[in-house]
Amino acid sequence: MHLHGTSKIAPEGHLTIAGVSAVSLAQRYGTPLIVYDEQLIRTRMHEYLDPLRASGVAHAVVYACKAFTSVAMCRLAAEEGLWLDVVSAGELHTALTAKVDPSRILMHGNNKTEAELKMAVEARIGLIVVDNFDEIERLAGITAGATERTNVLLRVAPGVDAHTHEYIATGKQDSKFGFDLQSGQVQRAVQVILKHSSLQLVGLHSHIGSQIFDVDGFRVAAERMAALYAQIEREFRASLSILNLGGGLGVRYTEEDMMPPIDRAVAGILDVTQTAFAANGLTLPMIMFEPGRSLVAEAGTTLYSVGSRKDIPSIRSYVAVDGGMTDNPRLALYGARYEACLANRMLAPADKTVSIAGKCCESGDMLIWDAVLPSPEPGDLLAVSCTGAYNYSMASNYNRMARPAVVFVRDGQARLVLRRETLADLISLDVDEEGSHEGP
Ligand code: LLP
């Protein structure tokens, strides 16, 4: 396993993160446990901010909370000067509970409910990213008669599918998100927004995908967005001030994943965007990036206790841990690949190929196929790296498993930011309602 951030091997062979032993964390907080290297999150945030600050361009880095949200995480992002992207009442409530400045929150979603939009408007969040025609009308209804206008960005589906390596117009055109660029929906949406005096169209948004290694997709998107930006200003006499290029930069789940450093990628994207705007006779507006995964994935490590083993002669050895698809559904969902180590025996030779299984009643509940480790035994502490994004946030209670605890570690200190779910939590929604009767 390659080590991220402050992860190191202590002389006695234990994995340490920020100087804190994984073995002592497991003893203190139990397993499964998600440990975040707080300094690494802050470093990644700076890798976005530094090239933007150096450019002198107006900018905001917006943390996509969907990757991992908690009150502590919202506070950390705000402390570093980031905005927050929320996509539901729950994420907005978390951000507001963290006392984040509402003017630095933006809201996404392809089906924001009336209640969510009202909540966002009442909290006076900075921006609502409108996604479809129904939403424009719903938002216009909610804001009608208000003294202040509500700032909106228009989400454009720019027809760039960053996963395919060929930026075909039909790629992401077939998407549930945003207004389609090719068919003229975007222009119609601009007309509709401009009709509503309670809404202020302040800019455009595009998001081209996730876990992207080849940043050239951003160039294609930036070129299309610059041309559109110029056209909207020219034809509709709208004065826009923001371009949000979304998130999507990839991370190194395994050694084979190759990603340029964030600061270089951001500087490159900024450069091609500047060129694209200049080609349309425009200077750069405020530039927003909206990363999730690349800020938190590598900072997260999940610790599990090994519980049982099954060796099928000449076929495979299964090693089962006390978590699984309930805290990390990404292999089951996407075939995601991870690396692991034995956090209590880092110096032992890795000479055994084993497959790491979870404890759910489902054959697909696997964390890693064919990991090479020092032969794991019950009682060992298995660490799976790069589990900081879309793991806890996609965790479930399948099999009525409790969600793990989450700690932040920094400078030799650990702090609990999400406590482990208890059995009482697991039955806390159960009610014993009398059957209701219809008629006499
Ligand atoms: N902005 C928008 C509008 C998005 O839809 C997303 C991610 C982001 C920003 C952040 O993208 P990131 O920087 O994290 O790539 N559950 C999947 C990932 C889903 C991403 C959804 N949207 C996974 O586990 O890989």
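### Considering empty space enclosed by the protein
Now for step 1: Under the counting rule described, the total for this entry stands at 1 cavity of 30 Å³ or more.
Now for step 2: In this structure, the largest cavity occupies an estimated 70 Å³ of space.
Now for step 3: If you go around the largest cavity, you meet 14 residues; those closest to its centre are His-4, Ser-7, Ile-17, Glu-298 and Thr-301.
Now for step 4: Looking at the lining of the largest cavity, the elements that each hand over two or more residues are β2 (15-17) and β14 (300-312).

### A short note on the site of the ligand
Now for step 1: Around the ligand lies a shell of 18 residues, among which Ser-210, Glu-290, Arg-293, Arg-330 and Tyr-390 are the nearest.
Now for step 2: Here an oxygen atom of the ligand sits 2.9 Å away from a polar atom, N or O, in the main chain of Gly-248.
Now for step 3: Here an oxygen atom of the ligand and a side-chain polar atom of Arg-330 are 2.6 Å apart.
Now for step 4: Against a free-state accessible area of 590 Å², the protein chains account for coverage of 86% of the ligand.
Now for step 5: Most atoms of the ligand, that is more than half of them, are within 2 Å of grid points of the largest pocket.
Now for step 6: Split by residue class, the shell around the ligand holds 5 nonpolar, 7 polar and 6 charged.

### Quick notes on the sheet that holds strand β1 (residues 8-9)
Through backbone hydrogen bonds, the strands of a sheet pair up, either in parallel or in antiparallel fashion.
Now for step 1: Strand order in the open sheet formed by 3 strands is β1-β2-β3, and the pairing between neighbours is antiparallel. Strand pairing shows two members of the sheet lacking a second neighbour, β1 and β3 (20-21), which therefore form its edges.
Now for step 2: Bridge count for β2 against β3 is 2 bridges, and the pairing is antiparallel. When the bridges of β3 are listed, Ile-17 appears paired with Val-20.

### Considering the packing of aromatic side chains
Now for step 1: Enumeration over the complete set of coordinates arrives at 9 aromatic pairs.
Now for step 2: Aromatic side chains Tyr-48 and Phe-289 sit 6.4 Å apart centroid to centroid with 55° between the ring planes, which places their arrangement in the tilted category. With Tyr-48 in helix α2 (residues 38-55) and Phe-289 in strand β13 (residues 286-289), the pair connects residues that are 241 residues apart, well separated along the chain.
Now for step 3: Site record: aromatic cluster; members linked through ring pairs are Tyr-36, Phe-68, Tyr-392 and Phe-408.

Calculation notes
- Residues numbered from 1 in each chain as written.
- Predicted model: local features only at pLDDT ≥ 70, side-chain atom pairs only at ≥ 80, totals over all residues.
- Heavy atoms only, no water.
- 1 Å grid on protein atoms, 1.4 Å probe; cavity = no way out; pocket = protein on both sides within 12 Å on 5 of 7 lines; lining within 4 Å.
- Points joined across faces, edges and corners; volume = space filled by probe spheres on them.
- Helix = DSSP H or I, 4+ residues; strand = E, 2+ residues; numbered from the N terminus.
- Near = heavy atom within 4 Å.
- Polar contact = N/O pair within 3.5 Å; in protein donor to acceptor, adjacent residues only side chain to side chain.
- Areas by Shrake-Rupley, 256 points an atom, 1.4 Å probe, with all protein chains shown as cover.
- Sits in = over half its atoms within 2 Å of the grid points.
- Nonpolar A, V, L, I, M, F, W, Y, C, P; charged D, E, K, R; others polar.
- Pairing = 2+ DSSP bridges.
- Phe/Tyr/Trp six-rings, centres within 6.5 Å; stacked < 30°, edge-to-face > 60°.

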